[in-house]
Each structure stands twice: as structure tokens, then as C-alpha cells.
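Next come the chains, spelled out residue by residue.
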Amino acid sequence: MIVKETKLKGCFTLTPKLYNDERGYFFESFNKQSFEEAIGKKINFVQDNQSLSYKGVLRALHYQIGEYAQAKLVSVIKGSVLDVVVDLRPNSHTFGEHLSMELSEKNRKQLFIPKGFAHGFLVLSNVAEFFYKCDQYYNKEAEGGIIYDDPDIGIDWEFPKDQLILSEKDKILPLFKNRRL
């Protein structure tokens, strides 16, 4: 597994070593000991989530606050997505900055997102199965979000805005400057 820290401190990309032969492929998608060694901290994942979405679906930008803040390890099982994170940590030198990258069944990359980040993704393929591990249980009362097209963040979703499919909840999320703390 190749692990690299991104421009956002504490966020890491993980690229597995893939073993291919005439039968198909194999790779180790998670090894707690190797993972913790690579990122330099202990993580105890307690919840796995999986979603299926169609081309143009934008699920963004979500986070949890307080004791329910979540670190996540995200990946794509089928299809491809543009995955985006925004640094919400006020004391970080990258506060308010974002990172976007393609995660797909072809590149098998994973992204580790530490606590203190908003996260979202846009489905680029006809269908995508998205999988992620969380180190804290979901709590509805601790939900936060930022509108996907906030001009202060300036995310280029690389997709026609009039073709995006958003939930009613995601359409009315606040601006970054008005986010829940």
C-alpha cells in the first residue's frame, strides 16, 4: 500500500498493491496495523456505510461536530466519483481550503479524512457504489453541512450545474461562513 499525505495536513491517499491474474484480482483494502503506522495515529473504526448513487448525484458537503466528529476512510467499489473534502479546522494553515480527487473502481484509491473536515462526492459514472469507514457513530443532532457551490470555497465539480441531482436537504445547506460550529 502506498500512503501519501495530501496538501491538507492529516488527509492521506492510500493506493493498494493490486495482484492480477487470469482469475481476477486481489488486494488488501484495510489493515489496521499498517494503516495506523502509515498515518501516525490510532484509529478505531466503529461504523461502515455504503451507498449506491447514479450519475450526477451530488452528496455534499457534510460533517459532524463535537464529540460526534468523524474521521473517515472512503473508497469506491464500483464506478467513479469526484471526492471533495474541505478543511474546517480553525487552527489549520489550510483552513477553508479544499481537495478534490477521483476515486474509482479502476484506481482503487482510498482517502483518509481526519476529524474536522466536510466531505462530499459527485458521481461521474452511470452508477457508483461508495463505501466508507467511520471512527464515530452517526448522530443526527451533530450534523453539519455547507452548500456545495459556496463561492468562498470555489469547488469546481467538473460537471454541468443544471445536471446535478441533490437532496432537498443538500440544496439548502448554509454557506461556509454560516456553517454550524
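Residues numbered from 1 in each chain as written. Predicted model: local features only at pLDDT ≥ 70, side-chain atom pairs only at ≥ 80, totals over all residues. Heavy atoms only, no water.

Draft legend 1. Examining the sheet that holds strand S8 (residues 80–87) more closely. Strands sit in the order S9-S8-S11-S6-S13 across an open sheet of 5 strands; the sheet is antiparallel. Sheet topology places strand S9 (98–104) and strand S13 (143–145) at the edges, where each strand pairs with a single neighbour. Going from strand to strand, the sheet's axes swing by 25° on average, the running direction of each strand aside. (Pairing = 2+ DSSP bridges. Helix = DSSP H or I, 4+ residues; strand = E, 2+ residues; numbered from the N terminus. Axes fitted to C-alpha atoms, helices over the stretch in contact; angles between N-to-C directions.)

Draft legend 2. Structural view of the nonpolar core. One finds Leu58, Leu61, Val86, Ile146 and Trp157 to be the most contacted residues of the largest nonpolar core, which totals 23 residues. Mapped by element, the contributors of at least two residues to this core are strand S6 (58–64), S8 and strand S11 (117–123). Broken down by element, the residue count for this core peaks at 4 residues, all from S6. When neighbours within four sequence positions are excluded, Trp157 is seen to be in contact with Leu58, Ala60, Leu61, Leu82, Val84, Gly120, Phe121, Leu122 and Tyr148. Core analysis: the next-biggest nonpolar cluster, separate from the first, contains 17 residues, Val76, Val81, Leu99 and Met101 among them. (Core = buried A, V, L, I, M, F, W, Y, C linked by side-chain atoms within 4.5 Å. Buried < 20%, exposed > 50% of the residue type's maximum accessible area, 1.4 Å probe, protein only. Contact = heavy atoms within 4.5 Å.)

Draft legend 3. How the structure looks around the pattern of salt bridges. Evaluated as defined, the whole model comprises 9 salt bridges. One salt bridge in this structure joins Arg23 and Asp21, with 2.5 Å as the shortest N-O distance. The class for Asp21 is partly exposed, based on a relative accessible area of 34%. Through salt bridges with shared partners, one network takes in Lys32, Glu36 and Lys42. (Salt bridge = Lys/Arg side-chain N within 4 Å of Asp/Glu carboxyl O.)

Draft legend 4. Representation of unusual backbone geometry. That bond from Ala60 to Leu61 is cis: its omega, -25°, falls within 30 degrees of zero. Relative to the helices and strands, Leu61 resides in strand S6. Backbone geometry places Glu158, a non-glycine residue, at a positive phi of 55°. Take Glu158: its relative accessible area is 55%, and that puts it in the exposed class.

Draft legend 5. A look at the pairing of strand S2 (residues 12–15). Bridge analysis of strand S1 (residues 2–5) against S2 gives 4 bridges, and the strand direction is antiparallel. If you follow Val3 over to S2, its bridge partner there is Leu14. Where S1 folds back onto S2 in an antiparallel hairpin, the turn is made up of 6 residues, including Gly10, whose phi is positive at roughly 95°. As judged from the 3 bridges shared by S2 and strand S10 (residues 110–113), these two strands associate in the antiparallel manner. Along S10, the bridge assignment pairs Leu14 with Gln110.

Draft legend 6. Representation of the layout of surface pockets within the structure. What the largest pocket holds in volume is close to 590 Å³. Taken together, 29 residues make up the lining of the largest pocket; nearest its centre are His62, Tyr132, Glu143, Lys169 and Asp170. Elements with a contribution of two residues or more to the lining of the largest pocket: strand S5 (47–54), S6, S11, strand S12 (127–134), S13 and helix H2 (168–171). Looking at the lining of the largest pocket element by element, the count peaks at 5 residues for S6. Here the residues of the lining of the largest pocket are counted per class, giving 11 nonpolar, 12 polar and 6 charged. (1 Å grid on protein atoms, 1.4 Å probe; cavity = no way out; pocket = protein on both sides within 12 Å on 5 of 7 lines; lining within 4 Å. Points joined across faces, edges and corners; volume = space filled by probe spheres on them. Nonpolar A, V, L, I, M, F, W, Y, C, P; charged D, E, K, R; others polar.)

Draft legend 7. Local environment of the packing of aromatic side chains. By the definition in use, this model includes 8 aromatic pairs. The interplanar angle of 75° and the centroid separation of 5.3 Å between the aromatic rings of Phe35 and Phe112 together place this pair among those described as edge-to-face. In this pair, Phe35 is assigned in helix H1 (residues 32–39) and Phe112 in strand S10, connecting sequence segments 77 residues apart. Judged on exposure class, the residue Phe35 and its partner Phe112 are both buried. With centroids separated by 3.9 Å and ring planes inclined at 15°, the aromatic side chains of Phe121 and Phe130 adopt a geometry described as stacked. Residue Phe121 shares its accessibility class with Phe130, and that shared class is buried. Here the aromatic cluster, defined as three or more aromatic residues joined through ring pairs, consists of Phe30, Phe35, Phe45 and Phe112. (Phe/Tyr/Trp six-rings, centres within 6.5 Å; stacked < 30°, edge-to-face > 60°.)

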